[in-house]
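Understanding the architecture of this molecule
Now for the letters of each chain:
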Amino acid sequence: MTTDTPILYAYADGIARITLNRPDRLNSFTDAMHAELRAALARVAAEPGARVLLLTGAGRGFCAGQDLADRAVAPGAEPVDIGASIERNYMPLVLALRALPLPVVCAVNGVAAGAGANVALACDLVIATRSAAFIQAFCKIGLIPDAGGTSFLVRRVGAARAMGLALLGDKLSAADAAAWGLIWQCVDDDAFTATVETTLAQLATAPTRGLAAIKRALQAAEDQPLAAQLLLERDLQRELGRSDDYREGVTAFMAKRAPSFTGR
Ligand code: T3D
């Protein structure tokens, strides 16, 4: 695999694939990598037939967060404005992953630390290989979890575990991450690739508009009360009831045959 470019992009058969590609630095983020990642996500959004996105890392790690080599400050020098970096890079990244109108599968192939862990959590389905781990490493360098971490952690694992992970920065195994409800699945290393590919194939042939609406509704449920959620469900269901895939789903069920969804 080439390391010339920090982001690899591939597309075929409805499946877009983005690989973080700085393996010798555990795929940690630089400004250049963020710019390429933004461009790749824009490409997915513009890909007419894209029905699922895979995000993964090259080499033995998924992502070790911000490249700290870019953050070393000489004595007496002005520190980097990290807020500006977050605004320029991490906020648009998390929001773009959440807004994509198709499922985003994050295949966590190894350690996910700092913002790398939280970018994974911004994806819709996180499948981690058993030897992977999640580390809220921020507390070790005097920072707080960013890239949505404070929100994802509290919502998924509850306040007590979120506080422990964020304050101690301990390594959370992929198995515990799945058991705690932080991620979807922990898979044995030798079954990891096959499981990811089966999941991608399933999602790439599913009713894409319906999946996008599920994503939107579940995200909305994090912020709004039941009454508003019921209204959103009504509106999305009304829209989906007019889709080709709903018609095909019902027709196939009645005909006792497998459906063939087009994503429309
Ligand atoms: O813009 C902003 O600044 C704001 C955003 C901040 C968000 C953040 O993400 S802050 C948190 C940054 N990340 C970390 O603090 C994690 C740092 N890395 C580690 O703690 C460890 O590398 C790991 C626990 C992730 C993995 O440990 P291990 O033993 O498996 O690997 P290693 O030997 O530490 O790393 C392998 C190489 O990658 C090594 O380089 P070398 O010695 O082979 O030349 C290491 O220095 C490099 N590396 C790992 N993480 C980073 C990194 N280089 C730069 N930045 C990194 N984050």
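Scroll up to find the structure.
All residue numbers refer to positions counted from 1 along the written sequence of the respective chain. Reporting in this predicted model follows two pLDDT cut-offs: at least 70 for local features of residues, and 80 or more for side-chain atom pairs to be given and counted; totals over whole chains, interfaces and linings ignore these cut-offs and use all residues. Remark: hydrogens and water are excluded; side-chain values derive from all non-hydrogen atoms of the structure.

1. Re the sheet that holds strand β5 (residues 104-108)
Ordered in space as β1-β2-β3-β5-β7-β10, the six strands form an open sheet in which the pairing is mixed. Unpaired on one side and paired on the other, β1 (7-12) and β10 (185-187) mark the two borders of the sheet. Between one strand and the next, the sheet's axes are offset by a mean angle of 20°, whatever the strand orientation. Here, strands pair whenever DSSP counts at least two bridges between them. Secondary structure is summarised from DSSP: a helix means a run of H or I of at least four residues, a strand means a run of E of at least two, and numbering begins at the N terminus for each. Here strand β7 (residues 125-129) pairs with β10 via three bridges, running parallel. Looking at the pairing, Thr129 lines up with Val187 of β10. The contact criterion used is simple: two residues touch if any of their non-hydrogen atoms lie within 4.5 Å. Here an angle of 0 to 180 degrees is reported between the N-to-C directions of two axes, which are lines fitted to C-alpha atoms, with helices fitted over the stretch in contact. Helix α6 (residues 192-204) rests against β2 (15-20), β3 (52-57), β5, β7 and β10 of the sheet, and its axis sits at about 165° to β7.

2. Comments concerning the site of the ligand
If you check the shell around the ligand, you find 22 residues, and the closest are Ala64, Gln66, Leu68, Arg71 and Ser85. At 2.8 Å, a backbone N or O of Gln66 approaches a nitrogen atom of the ligand. Here the ligand has 1,000 Å² of accessible area as a free molecule, and 67% of this is covered by the chains. The element contributing the most residues to the shell around the ligand is helix α2 (residues 82-99), with three residues. For the shell around the ligand, the residue count by class is 11 nonpolar, five polar and six charged. Working definition: residue near molecule or strand if any one of its non-hydrogen atoms lies within 4 Å of it. Side-chain atoms alone can form a polar contact between residues adjacent in sequence; in general such a contact is a pair of N or O atoms within 3.5 Å, and within protein one must be able to donate a hydrogen while the other accepts it. Only the protein chains shown count as cover for residues, and all accessible areas are computed by the Shrake-Rupley method using a 1.4 Å probe. Gly falls in the polar group here, along with every residue not listed as nonpolar (Ala, Val, Leu, Ile, Met, Phe, Trp, Tyr, Cys, Pro) or charged (Asp, Glu, Lys, Arg).

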